[in-house]
Amino acid sequence: TAGAGTAQVEFTAISPGMAELHVVEKSQNGCASEEATATVTVLPVGSSLLFYPITPCRLFDSRDPDGETLGNPVPGGGTTGITIDGACGIPETALALAANVTVTQPVAPGFVVVYSTDGTKPGTSTVHFGAGRTRASFTLLTLARSTPRGFLISNESAGSTHVILDVTGYFQ
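Residues numbered from 1 in each chain as written. Predicted model: local features only at pLDDT ≥ 70, side-chain atom pairs only at ≥ 80, totals over all residues. Heavy atoms only, no water.

1. Brief notes about the state of the cysteines
And then number 1: Going through the model one piece at a time under the given rule, you end up with 1 disulfide.
And then number 2: Here Cys57 connects covalently by a disulfide to Cys88, the sulfurs 2.0 Å from one another. One quick way to see it: the torsion about the S-S bond of Cys57 and Cys88 is about -75°, and its sign makes the bridge left-handed. Of this pair, Cys57 sits in strand β4 (residues 51-61) while Cys88 sits in the loop between β5 (79-83) and β6 (96-104), and the two are 31 residues apart along the sequence. (Disulfide = S-S within 2.5 Å. Helix = DSSP H or I, 4+ residues; strand = E, 2+ residues; numbered from the N terminus.)

2. Some thoughts on the packing of aromatic side chains
And then number 1: One pass over the full model with this rule turns up 2 aromatic pairs.
And then number 2: Ring centres of Phe51 and Phe171 lie 4.9 Å apart, and the angle between their planes is 50°; on these two criteria the pair is classed as tilted. With Phe51 in strand β4 and Phe171 in strand β11 (residues 162-171), this pair connects stretches of sequence that are 120 residues apart.
And then number 3: Taking the relative accessible area as the measure of exposure, Phe51 reaches 38% and is therefore partly exposed.
And then number 4: A relative accessible area of 19% means that Phe171 is categorised as buried. (Phe/Tyr/Trp six-rings, centres within 6.5 Å; stacked < 30°, edge-to-face > 60°. Buried < 20%, exposed > 50% of the residue type's maximum accessible area, 1.4 Å probe, protein only.)

3. A look at the sheet that holds β4
And then number 1: If you trace the 4 strands from one edge of the open sheet to the other, you get β4-β11-β6-β9, paired in antiparallel fashion. Of all the strands in the sheet, just β4 and β9 (135-142) have a single pairing partner and so form its edges. Across this sheet, the average inter-strand angle for adjacent strands is 20°, counted without regard to direction. (Pairing = 2+ DSSP bridges. Axes fitted to C-alpha atoms, helices over the stretch in contact; angles between N-to-C directions.)

4. Structural notes on the sheet that holds strand β10 (residues 150-157)
And then number 1: Within the open sheet, the 4 strands sit side by side as β5-β10-β7-β8. Their pairing is antiparallel. Only two strands of the sheet have a single neighbouring strand rather than two, namely β5 and β8 (127-129). Across the sheet, the axes of successive neighbouring strands diverge by a mean angle of 20°, strand direction being ignored.
And then number 2: The pairing of strand β7 (residues 110-116) with β8 spans 3 bridges and is antiparallel. Considered in β8, the bridge of Val112 is made with Val127.

5. Section: the pairing of β11
And then number 1: Taking burial as the measure, the 10 residues of β11 include 9 buried ones, the bulk of the element.
And then number 2: With 7 bridges joining them, β4 and β11 adopt antiparallel strand pairing. Counted as the bridge partner of Phe60 is Leu165 from β11.

6. Comments concerning the pairing of β10
And then number 1: Among the 8 residues in β10, 6 count as buried, and that is most of the element.
And then number 2: Inspection of the sheet shows β5 paired to β10 by 5 bridges, in the antiparallel sense. Bridge pairing links Thr83 to Gly150 in β10.
And then number 3: Strand direction decides the pairing type here: β7 and β10, joined by 7 bridges, are antiparallel. Bridged to Tyr115 within β10 is Leu152.

7. With respect to the pattern of salt bridges
And then number 1: Under the defined criterion, the tally for this structure stands at 4 salt bridges.
And then number 2: Of the charged contacts, one joins Arg58 and Asp61 as a salt bridge, the two residues approaching to 3.6 Å between their closest N and O atoms.
And then number 3: Note on Asp61: relative accessible area 14%, which makes it buried.
And then number 4: Of the charged contacts, one joins Lys121 and Glu156 as a salt bridge, the two residues approaching to 2.7 Å between their closest N and O atoms. Of this pair, Lys121 sits in the loop between β7 and β8 while Glu156 sits in strand β10, placing them 35 residues apart in sequence.
And then number 5: Among the residues examined, Lys121 registers a relative accessible area of 39% and is labelled partly exposed.
And then number 6: In this structure Glu156 comes out as partly exposed when scored by relative accessible area, which is 31%.
And then number 7: What you see here is one network of salt bridges that share partners, running through Arg58, Asp61, Arg63 and Asp166. (Salt bridge = Lys/Arg side-chain N within 4 Å of Asp/Glu carboxyl O.)

So this is what it looks like as structure tokens:
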């Protein structure tokens, strides 16, 4: 598309299974942004993932005295691991989860980042929160390919907070 208030998108095939995406946005007054470029993987036909809903299941709750944190909150600036092997009926063939991540009883404002144990911590947050505020966010989480399969919860706050992770389905 073109014209004021629109975005121009161009796809260029660079190799089998790879495409380059070029985007330029135009404001209402006609000013154009710098061109942004990204390389994306294009999956072959029939290789998409299927979603399997499950009865909502609490995979992790840091308030649980019998859980992985023994009822202790995730410390400020700290990271806590979650192992999912066999939990909530999630099969070993699952590649990602649909989940609600909830933060409750935070001591200070901040955000948490949830990511797979064999991944790199992304530069984006999963849930932002204020001190004393319970906040939740729906997210899709890529599962670790190596064992034990699980997630890391990084608390990017000066204070501790409890974290809850409820799964609503998986992709395979």
